[in-house]
Amino acid sequence: MTPEVFFDQLENHLSKELPLVVYRKPMKSGLRALLQNTDTLYEVKNFKESGFVFAPFDSQSRKVLIQSSEMLELASYSPKKFEPEEYLDIDLKNVGNKDHHLRLVQNAVSSIKQGHLKKVVLSRILKGQATMKPLSLFQRLLALYSNAFCYLFYHPKVGLWLGATPEILLQVKNNRLTTMSLAGTKPYVNGQEPEWGEKEILEQKYVTEYIEEALKNEISELNSGSLESARSGKLWHLRTKISGNIENQNLEGVLEKLHPTPAVCGLPKLESKAFILENEGYDRQFYTGYLGELNMKQEKMRSSRRANQENQVYRSINRFTELFVNLRCMQLVKDQALIYVGGGITAGSDPENEWDETVLKSKTMSSIL
Ligand SMILES: C=C(O[C@@H]1C=C(C(=O)O)C=C[C@H]1O)C(=O)O
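All values derive from a computational prediction rather than experimental measurement.

Parameters and conventions
- Residues numbered from 1 in each chain as written.
- Predicted model: local features only at pLDDT ≥ 70, side-chain atom pairs only at ≥ 80, totals over all residues.
- Heavy atoms only, no water.
- Helix = DSSP H or I, 4+ residues; strand = E, 2+ residues; numbered from the N terminus.
- Rg over C-alpha atoms; globule rule 2.2 N^0.38 Å.
- Buried < 20%, exposed > 50% of the residue type's maximum accessible area, 1.4 Å probe, protein only.
- Contact = heavy atoms within 4.5 Å.
- Areas by Shrake-Rupley, 256 points an atom, 1.4 Å probe, with all protein chains shown as cover.
- Lys, Arg positive; Asp, Glu negative; His and termini not counted.
- Charge placed at Lys NZ, Arg CZ, Asp CG, Glu CD.
- Near = heavy atom within 4 Å.
- Polar contact = N/O pair within 3.5 Å; in protein donor to acceptor, adjacent residues only side chain to side chain.
- Pairing = 2+ DSSP bridges.
- pLDDT = per-residue confidence, 0-100.
- Arc of directions from axis to C-beta.
- Salt bridge = Lys/Arg side-chain N within 4 Å of Asp/Glu carboxyl O.

1. Here's the deal with the overall build of the protein
Here is step 1 of the chain: A tally of helices and strands in the protein yields seven helices and 20 strands.
Here is step 2 of the chain: For the protein, whose C-alpha radius of gyration is 21 Å, the value lies close to the compact-globule estimate of 21 Å for 369 residues.
Here is step 3 of the chain: Expressed as a percentage of the 369 residues in the protein, the buried residues total 54%.
Here is step 4 of the chain: Counting only contacts in the protein whose residues sit at least 6 apart along the sequence, the fraction spanning at least 24 positions is 73%.
Here is step 5 of the chain: Here the protein has roughly 17300 Å² of accessible surface; of this, 45% comes from carbon and sulfur atoms.
Here is step 6 of the chain: Distance between charge centres in the protein, computed from 47 positive and 45 negative side chains, equals 4 Å.

The structure is reproduced here in structure tokens:
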């Protein structure tokens, strides 16, 4: 299949207002799309389902599933080069005023200092104008962010979302589970690794400790890698990779423990979530939720040749799950682009710096407008 045919089929599906998702995994060149031929809204109930899950921040709300009627694959796709520099100063409007966000951060810092919370992630929306078709915006994402999970999701009963996320929530392949702790942000300047301060080191450490604690009874041989700087577009983050063995494939239990991690919610989990729902002043919907392949089939052709036996080729079918946190994303409502951004607040946070961090993060998506 050629890229033209691939994208024409997606365009045609979107024009019929039918659900679809198209995505590229980090550091891969292939594209995959799942197309659903009815507008039924399927939901994930127990994580035994198979398809593409699109789950909101608030786990009380429904987790949408695209059940593929048809899967399209493009083995390799080279996006047209795109130079965003000239687009970077795009005019974005703040939804909600700056004072509100500064006060929100200040209140969180006070709450942390009083000992009610250790960390809370606070976010907001910026608004821009989309002047291109959604699939053209998606192609720009592909051109800019080769190490992110890039996606476009559409369901007539949910809306249209696009994103390029650097954060893995969970991968499960052959009983091997991988996740990561990602937090702390610095701008990417001249390719130089940043000097990390105490504030970033602490906020990332909280996430690592939380994940280790959450998984310790679910996962055997749990192992945390070393702390590293990870680049994400024009930003750097601190990252620790964490892996282990998941014996009983209890995805529902693991996700219940893991999501939302303090990378997008806070610590303690329930208190910080309540703080967000009470004070942030808007509905995050799918921002800081998670998305990706759930129990997808992978067929492998194996061959075995034993002495005195014919060469046998047989098929084995594995299932795998690969979920990402829905960060660096936007929602398209007609030609309005709503860009969702946030940052982790700890005792050492300065409201103006936190505001600047959200402006910086918004450029990941505003660069494609
Ligand atoms: C909340 C976001 O990002 C998260 C928060 C980070 C931080 O506080 O430094 C860094 C990476 C993500 O875990 C976002 O991009 O909106």
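2. Focus: unusual backbone geometry
Here is step 1 of the chain: Each neighbour pair has its own omega, and for His 259 with Pro 260 the value is -10°, a cis peptide bond.
Here is step 2 of the chain: Position of Pro 260 among the secondary structure elements: in the loop between helix H5 (251-258) and strand E16 (266-267).
Here is step 3 of the chain: The residue after Leu 267, namely Pro 268, is reached through a cis peptide bond having omega -10°.
Here is step 4 of the chain: At Glu 221, a position not held by glycine, the phi torsion is positive, near 50°.
Here is step 5 of the chain: Within the secondary structure, Glu 221 sits in strand E13 (residues 220-224).
Here is step 6 of the chain: The class for Glu 221 is exposed, based on a relative accessible area of 63%.
Here is step 7 of the chain: Positive phi is not limited to glycine here, since Gln 285 has a value of about 50°.
Here is step 8 of the chain: Note on placement: Gln 285 falls in the loop between helix H6 (269-279) and strand E17 (290-304).
Here is step 9 of the chain: Overall, Gln 285 belongs to the partly exposed group, its relative accessible area being 27%.

3. Let's talk about the site of the ligand
Here is step 1 of the chain: Taken together, 18 residues sit near the ligand, with Thr 185, Tyr 287, Arg 328, Gly 342 and Gly 344 positioned nearest.
Here is step 2 of the chain: Residue Leu 182 places a main-chain N or O atom 2.9 Å away from an oxygen atom belonging to the ligand.
Here is step 3 of the chain: Residue Glu 203 places a side-chain N or O atom 3.3 Å away from an oxygen atom belonging to the ligand.
Here is step 4 of the chain: Protein chains bury 100% of the 390 Å² of accessible surface belonging to the ligand in isolation.

4. Digging into the pairing of strand E19 (residues 329-333)
Here is step 1 of the chain: The element E19 is extensively covered by neighbouring structure, given that four of its five residues are classed as buried.
Here is step 2 of the chain: Bridge count between strand E10 (residues 159-165) and E19: four bridges; the pairing is antiparallel. Opposite Leu 160, over in E19, you have Leu 332 as the bridge partner.
Here is step 3 of the chain: A loop of two residues connects E19 with strand E20 (residues 336-345), the two strands running antiparallel in sequence, and Lys 334 in this loop sits at a positive phi of about 55°.

5. Focus: the confidence of the model for the protein
Here is step 1 of the chain: In this model, the protein carries an average pLDDT of 93, and 95% of its residues clear a pLDDT of 70 or more.
Here is step 2 of the chain: Here the prediction assigns the complex a pTM of 0.94, and the interface score ipTM is 0.98.

6. Observations concerning H6
Here is step 1 of the chain: Among the residues making up H6, those that are buried are Lys 269, Ser 272, Lys 273, Phe 275 and Ile 276. Burial along H6 is one-sided: seen end-on, the buried residues are contained in an arc of 155°. Within H6, the exposed residues directed more than 90 degrees away from the buried face are Leu 270, Leu 277 and Glu 278.
Here is step 2 of the chain: The elements touched by buried residues of H6 are helix H2 (98-113), strand E8 (119-129), helix H4 (198-215), H5 and E16.
Here is step 3 of the chain: Once H6 finishes, Gly 281 follows within two positions and takes phi at roughly 85°, a positive value.

7. Remarks on the pattern of salt bridges
Here is step 1 of the chain: By the definition in use, this model includes 20 salt bridges.
Here is step 2 of the chain: Its salt-bridge partner being Lys 119, residue Glu 203 comes within 3.8 Å of it at the nearest N-O pair. Taken together, the residues span a long stretch of sequence, with Glu 203 in helix H4 and Lys 119 in strand E8 at a distance of 84 residues.
Here is step 3 of the chain: Residue Glu 203 is classed as buried on the basis of its relative accessible area, which comes to 4%.

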